[in-house]
Amino acid sequence: MKREELDQYLRQYTPLEREFLKVHSDEEAWKLNQKQCYQKVDGDAYLFESSQFMKSGDKITLNRQERFNTVHPHKHDYIELCYVWSGVCYQTIEGKKVITRQGDVCIFDTQAVHSIEAAKENDILVNIMMRREFFDAAFLSRMTKQGIVSEFLVDAVTKSRQKKHYLYFPAHDNIRVREIVEQTLMEYLNQDLGVEEALESYMILLFTELLRTLRNVSGDKDSMALEVQVLELLAYIEENYEHCTLSDMGKAFGMHGNYLTAFLKEKTGRSFVEHVQEQKLKKARALLENTDIPIAELVPLCGYNNMNFFYKKFKESAGCTPAQYRKHQRA
């Protein structure tokens, strides 16, 4: 399926949209809505349940939002990622008016109450629904294993999510996000061998790209400059952790070493040395989980020169020896 064919498919009228086009009053529209998914009430909002949209055992499901009808205040018992394929989307999220346009993404957790104004012909919204246990456990935990940059960004996202129950990513200028959504849709529609694993992998790619948009989001310039600087520092450590020193890093960024490590400590909760150690240990955990490399050979690959020091740091971090960690992960 080519992109043009996918676009045509998404613009086809669904049976429900044809019914809404025949509606002449709000009362008729409401009656039609009640036949669909406005069945349960939770507080001041309707509750959309995963059983209405997802098959038993499915972790991820995709659908296209019905047009021509107002979606009344509701929340879900699943995580929803809403992508604006084309046009615009006018929403009220937790009492706040939010306008998203082509390429933008909103992610709602199970507590986010939101409504959507009736979409017009060109307003195409794609919903990616994920079971909460997949998003919170398998998904975010896998993201934090990628490196200290991803860990920092995910931590920022989860803290924001705890405050307002939704995340907005102004990704309209990010071509990569659109490409990943296209591939995800085509994978889901084809339903070929290994579709579940492929969808999970696409979600990791998509969220990685969305996290990167945080570096370019508009806001307080001074605040964003500091955030970008932190990300640049963490990226440098992630790339050079095996051999980098505080002095080398200070020269690379034109900063005194003492100021640099104090700045990292203030903004991330970890000093330069702690970040280097964490990145080394992430590499060690990944090698233990995914390879059979003998531990004696694994140690220098992670940037350690002293076996005893490696064992000490690993046990402090994981609560067990490297051999015990490998055995537990393979069980």
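Provided above is the structure to which this section pertains.
Conventions adopted
- Each chain carries its own residue numbering, running from 1 in the written order of its sequence.
- At least 70 in pLDDT is required for a residue's local features to be given in this predicted model, at least 80 for side-chain atom pairs to be given and counted, and no such filter applies to totals for whole chains, interfaces and linings, which use all residues.
- As a rule here, side-chain values cover all heavy atoms of the structure and leave hydrogens and water aside.
- Nine residue types can take part in a nonpolar core, namely buried Ala, Val, Leu, Ile, Met, Phe, Trp, Tyr and Cys, and a core is a set of them joined through side-chain atoms within 4.5 Å.
- Classification of residues uses two cut-offs on accessible area relative to the type maximum, computed with a 1.4 Å probe and protein chains only: under 20% is buried, over 50% is exposed, and between them is partly exposed.
- Put simply, DSSP marks the helices as runs of H or I at least four residues long and the strands as runs of E at least two long, and each gets a number from the N terminus on.
- By the convention used here, residues are in contact when the closest approach between their heavy atoms is within 4.5 Å.
- The charge count includes Lys and Arg as positive and Asp and Glu as negative, but it does not include His or the ends of the chains.
- Just to be clear on terms, a salt bridge is a Lys or Arg side-chain nitrogen sitting within 4 Å of an Asp or Glu carboxyl oxygen.
- In protein, a polar contact requires one atom able to donate a hydrogen and another able to accept it; more generally it is a pair of N or O atoms within 3.5 Å, and residues adjacent in sequence count only if both atoms are side-chain atoms.
- Paired strands, in this sense, are two strands between which DSSP finds at least two bridges.
- Aromatic contacts are taken between Phe, Tyr and Trp rings whose centres are within 6.5 Å, Trp giving its six-membered ring; a plane angle under 30 degrees counts as stacked, one over 60 as edge-to-face, and the others as tilted.
- In our convention, an over-ring charge means Lys NZ or Arg CZ found within 6 Å of a ring centre and within 35 degrees of that ring's normal.

Colleague: Before we go on, may I ask you to explain the nonpolar core in this structure?
Modeller: Nonpolar side chains tend toward joint burial in soluble globular proteins. In this structure, L81, I107, M130, L206 and L210 are the most contacted members of the largest nonpolar core, which totals 33 residues. Residue contributions to this core peak at eight residues, all from helix α7 (residues 195-213). With residues near it in sequence (within four places) discarded, L210 still touches L81, V105, I107, F169, A171 and V177. Among the nonpolar cores identified, the runner-up in size contains 18 residues, and I148, F152, L260 and F272 belong to it.

Colleague: What is the right way to read the side chain of D123 from this model?
Modeller: Locating D123 in the fold gives a position in the loop between β9 (114-116) and β10 (124-130). Among buried Asp, Glu, Lys and Arg side chains, D123 stands out as unpaired, with K120 the closest opposite charge at 6.3 Å. Among the polar contacts listed, one links the side chain of D123 to the backbone nitrogen of V88, at a separation of 3.1 Å. Only 2.8 Å separates the side chain of D123 from the backbone nitrogen of K120, close enough to count as a polar contact. When sequence neighbours within four positions are dropped, the list of residues in contact with D123 reads R67, S86, G87 and V88.

Colleague: Looking at this structure, I do not really get the pairing of strand β8 (residues 105-108). What am I missing?
Modeller: Side-chain direction in a regular strand flips from residue to residue, so the side chains alternate between the two faces of the sheet. Residues V105 and I107 line one face of β8 and the alternating positions C106 and F108 line the opposite face, and both faces are buried. Here strand β5 (residues 79-86) pairs with β8 via four bridges, running antiparallel. Within β8, the residue paired with C82 across the bridge is C106. Judged from the four bridges that link them, β8 and strand β11 (residues 166-169) form a sheet pairing that is antiparallel. Considered in β11, the bridge of I107 is made with L167.

Colleague: What is the right way to read the packing of aromatic side chains from this model?
Modeller: Within a pair of aromatic rings, the relevant descriptors are the distance that separates the centres and the angle that separates the planes. Evaluated as defined, the whole model comprises 11 aromatic pairs. Judged by centre distance (6.1 Å) and plane angle (25°), the rings of Y259 and F263 are stacked. Of this pair, Y259 and F263 are both found in helix α10 (residues 257-268), four residues apart, which corresponds to roughly one turn of the helix. Judged by its relative accessible area of 4%, F263 is buried. Aromatic side chains Y304 and F309 sit 6.2 Å apart centroid to centroid with 55° between the ring planes, which places their arrangement in the tilted category. The exposure class assigned to Y304 is buried, which follows from its relative accessible area of 4%. F309 gets classed as partly exposed once you look at its relative accessible area, which sits at 35%. When the ring centre of W85 is taken as origin, the NZ or CZ atom of R178, which lies over that ring, is 4.1 Å away.

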